[in-house]
Each structure stands twice: as C-alpha cells, then as structure tokens.
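Residue strings, one per chain:
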Amino acid sequence: MTVTSETTPVSHYQRIGGASSVKAAVELFYDRVLADPELAGYFTDVDMTGQRRHLALMLTVVLGGPNEYTGRGLAEAHQPMNIPVAHYAKVGAHLTEVLTQLGVPADVLAHVRTVLGEVQDQVVATGNRPGA
Ligand code: HEM
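Residues numbered from 1 in each chain as written. Predicted model: local features only at pLDDT ≥ 70, side-chain atom pairs only at ≥ 80, totals over all residues.

- If you check an unreviewed UniProt entry, the protein appears there as Group 1 truncated hemoglobin from Micromonospora musae.
- According to the UniProt record, the Sequence similarities (unreviewed entry) comment for the protein is "Belongs to the truncated hemoglobin family. Group I subfamily." (UniProt positions renumbered as here; feature names shortened; annotations may be inferred.)

1. Quick notes on the packing of helix H3 (residues 18-34) against helix H6 (residues 85-101)
Move 1: Interaxial distance between H3 and H6 falls to 9 Å at its minimum, and their mutual angle equals 135 degrees. Overall, the two elements H3 and H6 adopt an arrangement that is oblique. At the point where H3 passes H6, the crossing takes the right-handed sense. Within the contact between the two elements, H3 uses Ala 25, Leu 28, Phe 29, Arg 32 and Val 33 and H6 uses Val 91, His 94, Leu 95, Val 98 and Leu 99.
Move 2: By residue class, the composition of the contact of H3 with H6 is eight nonpolar, one polar and one charged. (Axes fitted to C-alpha atoms, helices over the stretch in contact; angles between N-to-C directions. Helix = DSSP H or I, 4+ residues; strand = E, 2+ residues; numbered from the N terminus. Parallel < 35°, antiparallel > 145°, perpendicular 65-115°, else oblique. Left-handed = near helix turned anticlockwise from the far one by under 90°. Contact = placed C-beta atoms within 7 Å. Nonpolar A, V, L, I, M, F, W, Y, C, P; charged D, E, K, R; others polar.)

2. Thoughts on the nonpolar core
Move 1: Of all hydrophobic cores here, the largest spans 18 residues; its most connected members are Ala 25, Val 26, Phe 29, Leu 59, Leu 95 and Leu 99.
Move 2: Taken together, the elements giving at least two residues each to this core come down to helix H2 (12-16), H3, helix H4 (48-62) and H6.
Move 3: Once residues lying within four places of it in the same chain are set aside, the contact partners of Leu 99 are Ala 25, Val 104, Leu 109 and Val 112. (Core = buried A, V, L, I, M, F, W, Y, C linked by C-beta atoms within 7 Å. Buried ≥ 20, exposed ≤ 12 C-beta atoms within 10 Å, placed from the backbone.)

3. Observations regarding the UniProt feature "binding site: heme" (unreviewed entry) in the protein
Move 1: UniProt marks His 54 and His 78 with the feature "binding site: heme" (unreviewed entry), using the numbering shown here. The named residues occupy 25 residues along the chain; their greatest pairwise C-alpha distance, 13.6 Å, places them in one compact cluster.
Move 2: Summarising the element assignment, His 54 is placed in helix H4.
Move 3: Assessed through the 17 C-beta atoms surrounding it within 10 Å, His 54 is described here as partly exposed.
Move 4: Residue classification places His 78 among the partly exposed positions, given that 18 C-beta atoms sit within 10 Å.

4. Concerning the site of the ligand
Move 1: Close contacts around the ligand come from 20 residues, with His 54, Gly 71, Arg 72, Ala 77 and Val 91 the closest.
Move 2: Mapped by element, the contributors of at least two residues to the shell around the ligand are H4, helix H5 (74-78), H6 and helix H7 (106-123).
Move 3: A per-element tally of the shell around the ligand places H4 first, with four residues.
Move 4: Across the shell around the ligand, the residue classes break down as 14 nonpolar, five polar and one charged. (Near = placed C-beta within 6 Å.)

So, in structure tokens, the structure goes:
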C-alpha cells in the first residue's frame, strides 16, 4: 500500500492546481461579470485589483486551501448593496460556468454550488429573499 496516498487528504484546492488556477478562474469570472450589463453597474466604483484578490483568497478557503482572507465578511460587504436573488443567481452562474470551462472536476463544482446555496442569505438583501 502507498501510505501517503491513503492518509493524506488532497484538498479541492490542490486538485485543481492551487493558487494559479484560482487566480485564472477569478480573472475569467470578473471579466464575465463586468461584461454582463445587469451586473457591471455594481462594480463601477470598485477597485477591481483588490476585488479580484479578495475573491481569490475567499475561493481558496472554500476549496480547502490556506486561509489568508482579510476582507470583510460577506454580509457586511453585500447587504448595503440591496442585491436581488436574480443577480445573485447570475453571479453564481458566471462562477460555475467559468469553473466548468476550466475543467474543474464535478465533485469540486458540486461543493462550490453547495457553498453558493449556503451563503446566499448573507449576500442577498434581507428584504429581497424569497418569502421575506
Ligand atoms: C457567493 C457569491 C459572492 C461571493 C463569494 C462574493 C465575494 C465577495 C468578496 C470576497 C468581496 C470583497 C469584500 C471586501 O473587500 O471586503 C466582495 C465585494 C463585492 N461584491 Fe461580492 N460576492 C458574491 C456575490 C456578489 C453579487 C451577487 C454581487 C452583485 C450582484 C456582488 C458584488 C460585489 C461588489 C460590488 C463588491 C465590492 C463592495 C465594496 O467594495 O464596497 N457580489 N464580494
């Protein structure tokens, strides 16, 4: 038996290729978001260099990589923007489409979809949630 392969869990982060892959995904993701007329307006006054960095660090944590995220919490950053569910769904679709395009394995994609479901209430404005 090969001890290492059976005892060392390999994170999603490592499996997709680590920092460079996450960075590539974030670049493509924001290119798509900024090209989307329904979403671009949110980012007009945003420093996109810092924004890309923060999302990359957060995605790294979601994928089981090292936690170096120093930005605000999701609710703190997003609640003031009054984001509707439809825009949340579009952003989520851009992210999963980019990951699919990059050939990320299905189980990693499923994990990202699960997390997108879990954090929706932090991002979507309280008054815009279904049933709220
Ligand atoms: C799961 C979905 C999302 C994640 C993981 C996410 C992640 C992040 C992160 C990490 C930041 C940086 C916070 C900071 O710098 O302190 C941020 C800021 C921001 N997000 Fe999101 N976001 C999501 C959904 C959305 C949606 C749906 C929109 C708009 C439709 C959006 C628009 C923005 C904007 C405009 C900022 C900059 C806010 C500012 O600088 O004041 N995000 N997001």
